[in-house]
Amino acid sequence: MDLETGVNQNRIKKESWRTILTLAYQSLGVVYGDLSTSPLYVYKSTFAEDITHSESNEEIYGVLSFVFWTLTLVPLLKYVFIVLRADDNGEGGTFALYSLLCRHAKVNSLPSCQLADEELSSYKKDIIRPAPTTFGATLKSTLERYRVLQRFLLVLALLGACMVIGDGILTPALSVFSAVSGIELAIGKEHHKYVEVPLTCVILIALFALQHYGTHRVGFLFAPVVITWLVCISAIGVYNIVQWDRHVYRALSPYYMYKFLKKTQRGGWMSLGGILLCITGSEAMFADLGHFSQLSIQIAFTFMVYPSLILAYMGQAAYLSQHHVIENESYRIGFYVSVPEKLRLPVLVIAILAAVVGSQAIITGTFSIIKQCSSLGCFPRVKIVNTSSKIHGQIYIPEINWTLMLLCLVVTIGFRDTKRMGNASGLAVITVMLVTTCLMSLVIVLCWRKSVLLALCFVIFFGTIEALYFSASLIKFLEGAWVPIAMAFTFMIVMCIWHYGSLKKYEFDVQNKVSVEWLLGLGPSLGIVRVRGIGLIHTELVSGIPAIFSHFVTNLPAFHQVLVFLCVKSVPVPHVKHEERFLVGHIGPREYRMYRCIVRYGYRDAHKDDSEFENDLVCSIAEFIRTGRTGLNVNGEDLRKDFEDLTVVGTPSTHLSGVQLCDDEDVNAELVGPSERKEILSPRVTKPKKRVRFVIPESPKIDRGAQEELRELMEAREAGIAYILGHSYVRAKQGSSLFKKIVINFGFDFLRRNSRPPTYTLNVPHASTLEVGMVYNV
């Protein structure tokens, strides 16, 4: 028996390693495509105009030294060994860091947070309050006390997100255009100008058209291309080192950086914007963490990507150190001049394919960051398609995909120059890295509970390096660097307007919600007609009765025999387990047949968009009736407190021992199972088209009241479900400032009309939908 157990454990371990290596293989095609194609344009951008390549080789050796240490310190040391450890339950990116901070200090921007959310298993049970005398406790209390610091933290996270989106526009254009520019050496200077831009546009259109197939398929398709490319540039690098300069490794010494800056001075400092491009795509390692795993990304970079890039840059430097006069002077110092002439055409084809793959990395990261922003209420709702049934993080967003494609084409046609594209891309890349460094310093103190000295060392060391590159990129503002700033400013305005409008709308709901006393004042019959069926009233409130319900009852004094106030909300964790998905409770006494159901999703969870959601919802209410409370006591104090007790209920797929719902025309069919169960059937006089039955466990016994409640719920489900949705018109109230009127009446209203409705994930059938219009004066 022990031997068999050991064999099984070894098999599981082997499968686990097989999975890790498979993910590492896929990550080469998704995460590292952008980083691996940087040799195409780094030297060309660096020597564009600020510095020249002299016969002393001090410039080329200094650039190589800068490239080596930048690659070693930023992607390898900072991201692979430090930042990847700051994952949020396996998820990465700017908003993952922000989510971690929100849970360790109460700085969350979501207004619908509940104490019950902190009981989620993925909420990190290891959160321990820092000792009152420590700096971490002081920092935590300061952040929680001052609203302006909380807003600053949110704006910082949004800035990083906006720059990721800007990078998602600039990097595909730069990578593909740089690869295609090698045609100049193949077809001549006279004709390449008429081929480069059209061919780049065609490739970009094809790239974005492939996105709907999903990361899983694209990863398997693109990974061989990246591996071929890395092997190719490594082999060419080794050939150039052996052929032209075997002592080029000496340039890896930091001393050559000092000599470089001493000789070039201001020109060398300005050229750092080109050297910065060697780490484009590093942030994708962290942003795409949810698509793969920490270990798989570390393995792929450390053992494949990093050594290949170092050899490629050393090989280019070795070639250029012996070739000071280049035949095609207009091409300046590029990647293709260091490629042996007989190999240029096949290398050109591989480079174009690799550039397409490189664009994939940042596009995938952009999808991830948009999903997180939307879930946390900081971006208009968009359609999110989950492209993999096995890996939840792999998504596709049609609206964002086609927007990125159009903007990529505009940048390509507008610039038609790698120098200005590089300036723009470099500023976007380094801004995201600076934001990550700032947030990481807070994570080290608040989440990891490390010494403030360690956090200061981290932010000073990496912040100084990145600030140096940032200043060199910002000085090129008029030469292309204005583009990411303009894009980030536009997206920032959209995010801030949406967040502000959503917050004001929620505050209006809270201030105008109806009390339970008003509900009970209507009497047991509620003074209105109850019709057959279940009425689902969608609301964003997690407590109380929304004003839209009183508005509905006032104009139409009738509603369904079972009423469910449904709230679909996001919580600041990446994933919510199915066992903790639903919070269910009574509103008013049991005989009113009114329930509140809160459906909780993480910011990376896939929302259900099929008919199973209705069954899960009804079964969760039935399970609550079987095991939950009986509702509020009419004579109790809770009525005046407008308080509701909610119970955590899982989905039927995770609670096989709980209540199950069956749609069956033959209600007399026998149920076969390992344990005895009994059925509560709907007693209908005439046989309907579809009969519904609840299959509940034989024990524990339920009282008569619960049986009646279950029977009525079953009859209502059999009659059908109607969705009552609020159609809100948000307007700034009289007396508001002109700025607020513009933001609410025009900005937020435009975004609301052009975004997805709150219930688009529920796949609500039009025949069962009733919209209730209401004006919100905020």
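Residues numbered from 1 in each chain as written. Predicted model: local features only at pLDDT ≥ 70, side-chain atom pairs only at ≥ 80, totals over all residues. Heavy atoms only, no water.

- For the protein chain, the name recorded in an unreviewed UniProt entry is Potassium transporter, with Nicotiana tabacum as its organism.
- Here is the UniProt Function (unreviewed entry) comment for the protein chain, exactly as written: "Potassium transporter."
- Its UniProt record gives the protein chain the following Sequence similarities (unreviewed entry) comment, quoted word for word: "Belongs to the HAK/KUP transporter (TC 2.A.72.3) family." (UniProt positions renumbered as here; feature names shortened; annotations may be inferred.)

**Some thoughts on the sheet that holds strand 6 (residues 594-602)**
Here's step 1: A sheet is described by the order of its strands in space; here seven strands give the open sequence 7-5-6-4-3-11-12, paired in mixed fashion. Sheet topology places strand 7 (647-649) and strand 12 (769-777) at the edges, where each strand pairs with a single neighbour. Neighbouring strand axes in the sheet, compared pairwise and without regard to direction, differ in orientation by 30 degrees on average.
Here's step 2: In the sheet, strand 5 (residues 582-586) pairs with strand 7 via three bridges, with the strands oriented antiparallel. Paired with L583 across the bridge in strand 7 is V648.
Here's step 3: Relative to the sheet, helix 19 (residues 482-511) contacts strand 11 (721-731) and strand 12, its axis offset from that of strand 12 by approximately 95 degrees. (Pairing = 2+ DSSP bridges. Helix = DSSP H or I, 4+ residues; strand = E, 2+ residues; numbered from the N terminus. Axes fitted to C-alpha atoms, helices over the stretch in contact; angles between N-to-C directions. Contact = heavy atoms within 4.5 Å.)

**Focus: the side chain of N240**
Here's step 1: Looking at where N240 falls in the secondary structure, it is placed in helix 10 (residues 215-244).
Here's step 2: Other than its neighbours up to four places away in sequence, N240 contacts D245, G315, A318, Y319 and S338.

**A short note on the pattern of salt bridges**
Here's step 1: Across all of its chains, the model carries 17 salt bridges by this definition.
Here's step 2: One salt bridge in this structure joins E623 and R626, with 2.8 Å as the shortest N-O distance. Here R626 and E623 lie together in helix 22 (residues 612-627), a separation of three residues that amounts to about one turn.
Here's step 3: Overall, E623 belongs to the buried group, its relative accessible area being 13%.
Here's step 4: Between R711 and E708 there is a salt bridge; the shortest N-O distance is 3.5 Å. Of this pair, R711 and E708 are both found in helix 24 (residues 704-719), three residues apart, which corresponds to roughly one turn of the helix.
Here's step 5: On the basis of relative accessible area, R711 is assigned to the partly exposed category, the value being 22%.
Here's step 6: Taking the relative accessible area as the measure of exposure, E708 reaches 37% and is therefore partly exposed.
Here's step 7: Each of the salt bridges in this network shares a partner with another, and the network as a whole consists of E58, E59, K259 and K263. (Salt bridge = Lys/Arg side-chain N within 4 Å of Asp/Glu carboxyl O. Buried < 20%, exposed > 50% of the residue type's maximum accessible area, 1.4 Å probe, protein only.)

**So, the packing of aromatic side chains**
Here's step 1: Enumeration over the complete set of coordinates arrives at 18 aromatic pairs.
Here's step 2: Relative to Y336, the ring of F335 lies with its centre 5.4 Å away and its plane at 75 degrees, an arrangement referred to as edge-to-face. Each member of the pair, F335 as well as Y336, carries the same accessibility label: buried.
Here's step 3: Between the aromatic rings of F549 and F565, the centroid separation amounts to 5.3 Å while the plane-to-plane angle is 75 degrees, which identifies the pairing as edge-to-face. Of the two residues, F549 sits in helix 21 (residues 547-555) while F565 sits in strand 4 (residues 558-571), which places them 16 residues apart along the sequence. Taken individually, F549 and F565 each receive the classification buried, so the pair is uniform in this respect.
Here's step 4: Here the aromatic residues Y61, Y255, Y256 and Y258 are joined through ring pairs into a cluster of three or more.
Here's step 5: Seen from the ring of W448, R85 lies directly overhead, with NZ or CZ sitting 4.9 Å from the centre. (Phe/Tyr/Trp six-rings, centres within 6.5 Å; stacked < 30°, edge-to-face > 60°. Lys NZ or Arg CZ within 6 Å of the ring centre and 35° of its normal.)

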